[in-house]
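Residues per chain are reported as follows:
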Amino acid sequence: MDDLIKEQVKCDQVEYPNENEMWSKIIRKQQNRHYKTKKHSFKPRIILSAILFTIVLSSTTVFAKYSTEILDWMRNMNRTGIITSLENGFGQEVNKTAENEVGVLTIHNVVSDQNGTTINFSLDIDHDDPIDYADFEHALLKIGDGKEIQMEASAVYNQESDKLVGVLHTDEEIPHNSNVTLQLGGVKEIQLKSIELKDLAHSNTYPEKINIHQDGISQIDFISNDYQSGQYILDYLIELEEPNNIEHAYLSYTIENEPIANSSVTDKRPQPNVIKKSDSLEIQKDAVEKLGVFLNYNDTVSYKSETWNLDFQYNHDLAKQSTYVMDIDEKVELGSRQLQFKELVITPSRVKLYFDKKNIKTNTNWSYVYNYRQIKLRIGEQELSGNYFDDGYLSFETQELIKDITNKEIALTLKDATVSYKAEKQDKVELTNISDVPQTIKADLNGYPIDVTYYANGSDLIVESESKNEQFGGITQSVIYQNGERIFAENRSNDGLFSINKQVETFKNIKDKDITLNFFLYTVNEERAKTIILQ
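Reading guide: rules and limits
Residues numbered from 1 in each chain as written. Predicted model: local features only at pLDDT ≥ 70, side-chain atom pairs only at ≥ 80, totals over all residues. Heavy atoms only, no water. Helix = DSSP H or I, 4+ residues; strand = E, 2+ residues; numbered from the N terminus. Buried < 20%, exposed > 50% of the residue type's maximum accessible area, 1.4 Å probe, protein only. Contact = heavy atoms within 4.5 Å. Core = buried A, V, L, I, M, F, W, Y, C linked by side-chain atoms within 4.5 Å. pLDDT = per-residue confidence, 0-100. Pairing = 2+ DSSP bridges. Phe/Tyr/Trp six-rings, centres within 6.5 Å; stacked < 30°, edge-to-face > 60°. Lys NZ or Arg CZ within 6 Å of the ring centre and 35° of its normal. Salt bridge = Lys/Arg side-chain N within 4 Å of Asp/Glu carboxyl O. Polar contact = N/O pair within 3.5 Å; in protein donor to acceptor, adjacent residues only side chain to side chain.

S.K.: Just checking my understanding: could you explain the overall build of the chain for this structure?
M.R.: A tally of regular secondary structure across the chain gives five helices and 35 strands. Scored against the burial criterion, the 535 residues of the chain give a buried share of 54%. Here the analysis covers contacts within the chain between residues at least 6 apart in sequence; of these, 68% occur between residues at least 24 apart.

In structure tokens form, the structure reads like this:
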């Protein structure tokens, strides 16, 4: 849907939450803890961070042969399927080490099946500063036949073991009986820092700007804050100084010193030194005034260019024996695309429903496009929540070992659709006598009542639109036509990603006192539930 809209209109590019950034889920869990480092002693530092809503904390009986920190790491990453594989003997224990002048790399175990390969590792290195996690410049897996596979690598500092504990992942499978070489290097040790923004969250009294001037962060500009339908939404810009080393910066939230979950969307930077974010918190309205708000950001405290090389043999094919593959021939309209599903692969670690990447039909009917918020796969009595990946599959994390698959009904369920409609030519309102005094007019958009409030802010025109009908998902985008040109808002508070129906648009340098505002795109929350029986 995002790609389709960007072909037609000028709008911000959005980076959706990505599995490649799994490390952030762990980082935001590390809070109220004392750092422990080798050779040096430091004053305890407190990190107050938000736990993403996707983190799952559960207690699972584990086999002693797998280290506690590795299993905790996978559990906190919501990789319950990897734990299932290890506990049921579908992974291979490696426990081999490689050492250089920096420290010792240990590969603990490997889970490799038709849905991908995950390697759990730890890194024992000296560090002069307290650290939270590490990034790696390169992670390469070389297979004996000459094939090279780039891997995703992420690691966090584990206090109990005094090591970096991490995971390497690729969607490709290691063939049975392969001689494998892992190359891992270019370690960036990163420290998370936190600044409390005191006396900030008091309903509608947010300041427009908060000066920071620390570690390359200049200020925070708040675009809007609003409470709707049980969600508190904040839109803000984090402005950076030049030069700076900031790659990740965000706000986290607490109530009575307890961290609360938030769903966050990061826009691609509108300017090189500006990070644009939108956070959604599901809290009671009276809790807004109790919010503690913190600015969190990273600081690279050390870089080590050395590389570790570690050889091992992958000779475990039990996971392949437990893999269930079923051919699928179903065409399903998912969002704005029609997908041709071709294969369902169920392994102990994960379930993937593959579609033909070369045979995707895009909905060219620009009256509407839509996307589903809920994607679930039911295998017998077990229901798995899933996500769509452009790599060519829907992915579902297993919760427990799935047995006797051939005797179970398998069904894909889609529901809770956000439908984006293109407005008609008659869908417009007249904004007259524009001044710095807000004025509100009534409008009707395809049967939905809309309140439009507009006013000038210097040379800018601010347009706020909202509907009392909760099925209405909001005005996604409006447009002004002047001298044959289309003028879109420079800033919008809502890109249709959250289930709220208020929009605040800022049009730059509007001099006319009377203009016609044309509605361009709007969204409607519709069930549109469908179930496809796969077996």
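That shown, we press on.
S.K.: Help me understand unusual backbone geometry in this model?
M.R.: Leave glycine aside and you will find that most residues have negative phi; peptide bonds, for their part, are mostly trans. The residue after Glu-242, namely Pro-243, is reached through a cis peptide bond having omega 0 degrees. Even without being a glycine, Asn-95 presents a positive backbone phi close to 50 degrees. The phi dihedral of Asn-177 falls on the positive side, at around 65 degrees, and the residue is not glycine. Mapped onto the fold, Asn-177 is located in the loop between β8 (163-170) and β9 (178-197).

S.K.: Help me out: how do you make sense of the nonpolar core in this one?
M.R.: Where a protein is soluble and globular, its nonpolar side chains tend to be buried together. Formed by 53 residues in total, the largest nonpolar core has its most connected members in Leu-412, Leu-431 and Leu-461. Leaving out residues up to four positions away in the same chain, Leu-431 has contacts with Ile-441, Val-452, Tyr-454, Leu-461, Val-463, Lys-513, Asp-514, Ile-515 and Leu-517. By size, the runner-up hydrophobic cluster in this structure holds 32 residues, among which are Ile-195, Ile-238, Tyr-253 and Leu-281.

S.K.: What exactly am I supposed to notice about the confidence of the model for the chain here?
M.R.: The predicted coordinates should not be examined in detail at positions where pLDDT is low. Of all residues in the chain, 80% attain a pLDDT of 70 or more, and the chain-wide mean is 78. In the predicted structure, residues 1-66 sits below a pLDDT of 50 and forms 171 contacts with residues beyond four places in sequence or in another chain.

S.K.: I tried to follow the pairing of strand β19 (residues 337-346) on my own but got confused; where do I start?
M.R.: The two faces of a sheet get side chains in turn, since along a regular strand they alternate between them. Sheet topology places strand β18 (residues 324-334) next to β19; nine bridges connect them, and they run antiparallel. Bridged to Asp-327 within β19 is Glu-343. In terms of strand pairing, β19 meets strand β21 (residues 361-362) through two bridges, oriented antiparallel. Across the sheet, residue Arg-337 finds its bridge partner in β21, namely Thr-362. The sheet contact formed by β19 and strand β20 (residues 350-355) spans five bridges and is antiparallel. Looking at the pairing, Val-345 lines up with Lys-352 of β20. Where β19 folds back onto β20 in an antiparallel hairpin, the turn is made up of three residues.

S.K.: Help me understand the sheet that holds strand β29 (residues 460-466), please; the structure alone is not making it clear to me.
M.R.: Strands pair in a sheet through their backbones, by hydrogen bonds, and they do so in one of two ways: parallel or antiparallel. Taken together, five strands build an open sheet; the order of strands is β27-β28-β29-β33-β32 and the sheet is antiparallel. With partners counted over all chains shown, the strands left at the sheet margins are β27 (439-445) and β32 (491-492), one partner each. For β27 and strand β28 (residues 448-457), the ladder comprises seven bridges, and the chain directions are antiparallel. Directly across from Ile-441, in β28, lies its bridge partner Val-452.

S.K.: Help me understand the environment of Val-463 in this model?
M.R.: By the secondary structure assignment, Val-463 is in strand β29. For Val-463, a relative accessible area of 1% corresponds to the buried category. Considering only alpha carbons, one finds Val-463 and Thr-453, 10 residues apart in sequence, at a separation of 5.8 Å. Val-463 has contacts with Leu-431, Val-452, Thr-453, Tyr-454, Gln-503, Val-504, Glu-505, Phe-507 and Leu-517, leaving out every residue within four places of it along the chain.

S.K.: Looking at this structure, I do not really get the packing of aromatic side chains. What am I missing?
M.R.: How two aromatic rings sit relative to each other is set out by the distance from centre to centre and by the angle between their planes. Overall, the coordinates contain nine aromatic pairs when judged by the stated rule. Ring geometry for Phe-472 versus Tyr-522: centroids 6.0 Å apart, planes at 20 degrees, classification stacked. Taken as a pair, Phe-472 in strand β30 (residues 472-482) and Tyr-522 in strand β34 (residues 515-526) lie far apart in primary sequence, 50 residues in all. This pair shows no difference in class: Phe-472 is buried, exactly as Tyr-522 is. Among the aromatic residues, ring-to-ring pairing joins Tyr-421, Tyr-448, Phe-472 and Tyr-522 into one connected group. For Lys-352, the ring lying beneath its charged end belongs to Tyr-393, and the centroid distance is 4.1 Å.

S.K.: Would you explain the pattern of salt bridges in this entry?
M.R.: Any two side chains of opposite charge can pair, so long as their charged atoms come close to each other. Counted under the stated rule, the structure contains 14 salt bridges. The partner of Lys-352 in a salt bridge is Asp-171, and the shortest N-O contact between them spans 3.2 Å. On the criterion of sequence distance, the pair formed by Lys-352 in strand β20 and Asp-171 in the loop between β8 and β9 is long-range, its members being 181 residues apart. Its relative accessible area of 0% is what places Lys-352 among the buried residues. Of the charged contacts in the structure, one is a salt bridge between Asp-215 and Lys-193, with a shortest N-O distance of 3.1 Å. Here Asp-215, found in the loop between β10 (209-214) and β11 (217-228), pairs with Lys-193, found in strand β9; they are 22 residues apart in sequence, far enough to count as distant. Within this structure, Lys-193, Asp-215 and Asp-299 form a network of salt bridges that share partners.

S.K.: Explanation requested: helix α4 (residues 80-87) in the structure shown.
M.R.: Quick reminder: α-helices carry 3.6 residues per turn. Residues three or four places apart thus point the same way. Across the eight residues of α4, eight count as buried, placing the element largely inside the fold. Three or more residues of α4 are buried, namely Thr-80, Gly-81, Ile-82, Ile-83, Thr-84, Ser-85, Leu-86 and Glu-87. Directly after α4, the chain includes Gly-89, whose backbone phi takes a positive value near 80 degrees.

S.K.: Honestly, the side chain of Ser-252 in this entry has me stumped. Any pointers?
M.R.: Structurally, Ser-252 can be placed in strand β13 (residues 249-255). Of the polar contacts made by the side chain of Ser-252, one reaches the side chain of Asn-296; its length is 2.6 Å.

S.K.: I keep staring at the environment of Leu-334 and nothing clicks. Help me out?
M.R.: Inspection of the secondary structure puts Leu-334 in strand β18. Assessed through its relative accessible area of 6%, Leu-334 is described here as buried. Put simply, Leu-334 and Ala-417 are 83 residues apart on the chain and 9.7 Å apart in space, counted from C-alpha to C-alpha. Once residues within four sequence positions are removed from consideration, Leu-334 is found in contact with Leu-339, Tyr-372, Ile-375, Tyr-388, Leu-394 and Leu-414.

S.K.: Is there a simple way to think about the environment of Leu-141 in this case?
M.R.: Tracing the backbone through its elements, the reader meets Leu-141 in strand β5 (residues 133-143). With 42 residues separating them in the primary sequence, Leu-141 and Gln-183 have C-alpha atoms 6.4 Å apart. When sequence neighbours within four positions are dropped, the list of residues in contact with Leu-141 reads Ile-119, Lys-147, Glu-148, Ile-149, Met-151, Ile-174, Val-180, Thr-181 and Leu-182.

S.K.: Can you help me understand the side chain of Ser-178 in this one?
M.R.: Considering the arrangement of structural elements, one finds Ser-178 in strand β9. Once residues lying within four places of it in the same chain are set aside, the contact partners of Ser-178 are Ile-143, Phe-312, Gln-313 and Tyr-314.

S.K.: Where do I start with the pairing of strand β24 (residues 393-397) in this structure?
M.R.: β24 sits mainly inside the fold: five of its five residues count as buried. Along β24, one buried face is formed by Tyr-393, Ser-395 and Glu-397 and the opposite face, lined by Leu-394 and Phe-396, is buried too. Here β20 runs beside β24; their pairing, made up of five bridges, is antiparallel. Residue pairing for β24: Tyr-354 is matched across the bridge by Tyr-393.

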